[in-house]
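# Working through the structure, step by step
Next come the chains, spelled out residue by residue.
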Amino acid sequence: MVAKTSALSIAHILRMKDAGEKIAVVTAYDFPTGRMADAAGIDVILVGDSVASVVQGRPTTLGVRLEETIYHTEMVQRAATRALVVADVPFPYCQLGPEEAVRACARVVKETNVGAVKIEGGAKRAETVRAVVEAGIPVLGHCGLAPQSVKAQGYRIQRDLDRLLEDALAIQEAGAFAIVLECVQRDYAEEVTRKLRVPTIGIGAGAGCDGQILVFHDLFNFADGEPTERPKHARVYRDLHKIIDEGLREYVSDVKEGRFPNDTESFGASK
Ligand code: KIV
């Protein structure tokens, strides 16, 4: 039996930048959404540690456990036939240094068969990225706003071009195959994109990046439906909150009023 592998290779993702073909990325955390993203032509699916806020109801991403990353990644990896699946390494494995990071990343790959991991942080994380790449695990970098450093940095748009360039170049030289740029002033993101050999994937970083990523639950207004909670960059493509809310209310009223189930939804007496 030949084991199923993701069809899109790292080399393919790199060629997309050279060919000027934009890279479409979305997060997913389970089998059905992973399968839908894959079937819709998404190139890369990130099992983000954003699972903390949009699925687990946690206030930050800091509480995600490695076992939870493995649990969600395994489902998404099983669903994908074409997309490259990437697992987001949760806090604090990569902050603990190269050895801990390699151990955690190797465990994620071994237990999920995922194609790559994402490591958050700039130049300070370069040694760790290099060690993980040398262990044979492809790394997606992540510069700009770093939610895993929220306690030190808060959630702020990144407006320091020199720092951003230094971070992104260090992560590229450490061997990352692409770099997420989160919440970065758009002209700076464009400049970084021009200067890097590897693709940039923007979120709140303007249209000049080589690709774009959105959080699944933002794309479908599925987290908690409060417009004030949604980030400025998150365009809502369909309002699942509204659809599900209406459906649930109708179901409640049908049950209460005896309209559900009807005869065709019930089993007759056996003869
Ligand atoms: O966890 C996540 O979803 C992410 C994206 C926002 C890039 O890191």
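Presented here is a report on the structure given in the accompanying data block. The written sequence of each chain sets the order in which its residues are numbered from 1. For this predicted model, a pLDDT threshold of at least 70 governs which residues receive local features, and a threshold of 80 or more governs which side-chain atom pairs are given and counted, while totals over whole chains, interfaces and linings are taken from all residues. The side-chain values count all of the structure's non-hydrogen atoms but skip hydrogen atoms and water molecules.

The secondary structure listing takes helices from DSSP runs of H or I that are at least 4 residues long and strands from runs of E that are at least 2 residues long, numbered from the N terminus. Counting secondary structure elements, the chain contains 11 helices and eight strands. In summary, the chain has a C-alpha radius of gyration of 20 Å against a globular reference of 18 Å for 271 residues, a match within 12%. A burial count over the chain gives 46% of its 271 residues as buried. For the charge count, each Lys or Arg is scored as positive and each Asp or Glu as negative, with His and the chain ends excluded. For this purpose, a charge sits on NZ of Lys, CZ of Arg, CG of Asp or CD of Glu. Of the charged side chains in the chain, 33 are positive and 38 negative; the average position of the first set lies 1 Å away from that of the second. Only C-alpha atoms enter the radius of gyration; for comparison, a globular chain is expected to reach 2.2 Å times N to the power 0.38, where N is the number of residues. Per-residue accessibility, obtained with a 1.4 Å probe over protein chains only, is compared with the maximum for each type, and a residue is labelled buried under 20%, exposed over 50%, and partly exposed between these values.

Before going further, it helps to spend a moment on the packing of aromatic side chains. Stacked, tilted and edge-to-face are the three classes applied to pairs of Phe, Tyr and Trp rings, where Trp contributes its six-membered ring and a pair requires centres within 6.5 Å; stacked means planes under 30 degrees apart, edge-to-face means over 60, and tilted covers the rest. Under the definition given, this model contains two aromatic pairs. Pairing F216 with F220 gives two aromatic rings, centres 4.9 Å apart and planes at 55 degrees, and the pair type is tilted. Across the pair, exposure class does not vary: F216 and F220 are buried alike. Arranged with centres 5.8 Å apart and planes meeting at 65 degrees, the rings of Y251 and F260 form a pair that is edge-to-face. You can call Y251 partly exposed: its relative accessible area is 47%. Here F260 falls in the partly exposed class, since its relative accessible area comes to 38%.

Right, let's get into the site of the ligand. Nearness is judged by heavy atoms alone; a residue qualifies as near a molecule or strand once a single heavy atom is within 4 Å of it. Taken together, T27, L46, G48, D49, S50, D88, K118, H142, V180, I203, I213 and V215 form the complete shell of residues around the ligand. Nitrogen and oxygen atoms within 3.5 Å of one another constitute a polar contact, given that in protein one can donate a hydrogen and the other can accept it, and given that sequence-neighbouring residues count only through two side-chain atoms. Here D49 contributes a side-chain N or O atom positioned 3.0 Å from an oxygen atom of the ligand. The separation between an oxygen atom of the ligand and a polar side-chain atom of K118 is 3.0 Å. Contact with the protein chains hides 95% of the accessible area of the ligand, taken as 260 Å² for the molecule alone. Of the residues in the shell around the ligand, the class split is five nonpolar, four polar and three charged. Per-residue accessibility takes into account occlusion by the displayed protein chains alone, with areas from the Shrake-Rupley method and a 1.4 Å probe. Here the nonpolar group is Ala, Val, Leu, Ile, Met, Phe, Trp, Tyr, Cys and Pro; Asp, Glu, Lys and Arg are the charged ones; every other residue, Gly included, is treated as polar.

We now examine the layout of surface pockets. Here the term cavity refers to a set of points on a 1 Å grid, laid over the protein atoms alone, in which a 1.4 Å probe fits but cannot get out; the term pocket refers to an open set having protein on both sides within 12 Å along at least five of seven lines, with lining residues being those that place an atom within 4 Å of a point. Grid points are joined across faces, edges and corners, and a volume is the space filled by probe spheres set on the points. Here the second largest pocket defines a volume of roughly 500 Å³. Along its surface, the second largest pocket is lined by 17 residues, and G204, A205, G206, Q212 and H233 are the ones closest to its centre. Per-element accounting of the lining of the second largest pocket gives the leading share, three residues, to strand 8 (residues 211-214). Partitioned by chemical class, the residues of the lining of the second largest pocket number nine nonpolar, five polar and three charged.

Our focus in this paragraph is the sheet that holds strand 2 (residues 44-47). As summarised here, the arrangement of the eight strands in space is 1-2-3-4-5-6-7-8, forming a closed barrel in which the pairing is parallel. With strand direction ignored, the average angle separating the axes of adjacent strands in the sheet is 25 degrees. Sheet topology places strand 1 (residues 23-27) next to strand 2; three bridges connect them, and they run parallel. Across the sheet, the residue bridging to T27 is L46, located in strand 2. For two strands to be treated as a pair, DSSP must find at least two bridges joining them. Axis geometry follows a simple rule: fit a line to the C-alpha atoms, using only the stretch in contact for helices, then measure angles between N-to-C directions, giving values from 0 to 180 degrees.

In the structure shown here, the tally under the stated rule is two cavities of 30 Å³ or more. In terms of lining, the largest cavity is formed by I13, I23, V25, V44, V86, L140, F177, A178 and I201. Considering only residue class, the lining of the largest cavity consists of nine nonpolar, no polar and no charged. Considering only enclosed or pocket space, the second largest cavity measures out at about 30 Å³ in volume.

Moving on, we get to the pattern of salt bridges. In what follows, salt bridge is the name for a side-chain nitrogen of Lys or Arg lying within 4 Å of a carboxyl oxygen of Asp or Glu. Taken as a whole and assessed by the stated rule, the structure comprises 16 salt bridges. Residue E111 pairs with R107 through a salt bridge whose shortest N-O separation is 2.9 Å. Highlighted residues: E111 and R107, both in helix 5 (residues 98-112), separated by four residues, approximately one helical turn. Connected through shared salt-bridge partners, R58, R65 and E68 make up one network.

So, on to the pairing of strand 2. On strand 2, burial covers both faces: V44 and L46 on one face and I45 and V47 on the other are all buried. Throughout, right-handed denotes a crossover for which the path from the first strand over the helix to the second runs clockwise when the strands point away from the viewer. Note on the crossover from strand 1 through helix 2 (residues 31-39) to strand 2: the handedness is right-handed. Relative to strand 3 (residues 84-88), strand 2 runs parallel, the two being bridged by four bridges. The residue bridging V47 from the neighbouring strand is A87, located in strand 3.

Take the nonpolar core next. If you look at the biggest cluster of nonpolar residues, it comprises 29 residues, and the most contacted ones within it are V117, I119, V132, I179 and L181. At the level of elements, helix 5, strand 4 (116-120), helix 6 (126-134), strand 5 (139-144), helix 8 (161-173), strand 6 (178-182) and helix 9 (186-195) are the ones that each hand at least two residues to this core. Here the element with the most residues in this core is helix 8; it accounts for five residues. Beyond its immediate chain neighbours, meaning those up to four positions away, L181 contacts C143, A189, V192, T193, T200, I201, G202, I203, A205 and C209. Definition of nonpolar core: a set of buried residues of the types Ala, Val, Leu, Ile, Met, Phe, Trp, Tyr and Cys, connected through side-chain atoms within 4.5 Å. Residues V47, A104, L214 and L219 belong to the second largest nonpolar core, which totals 21 residues. Two residues qualify as a contact provided that any one of their heavy atoms is within 4.5 Å of a heavy atom in the partner residue.

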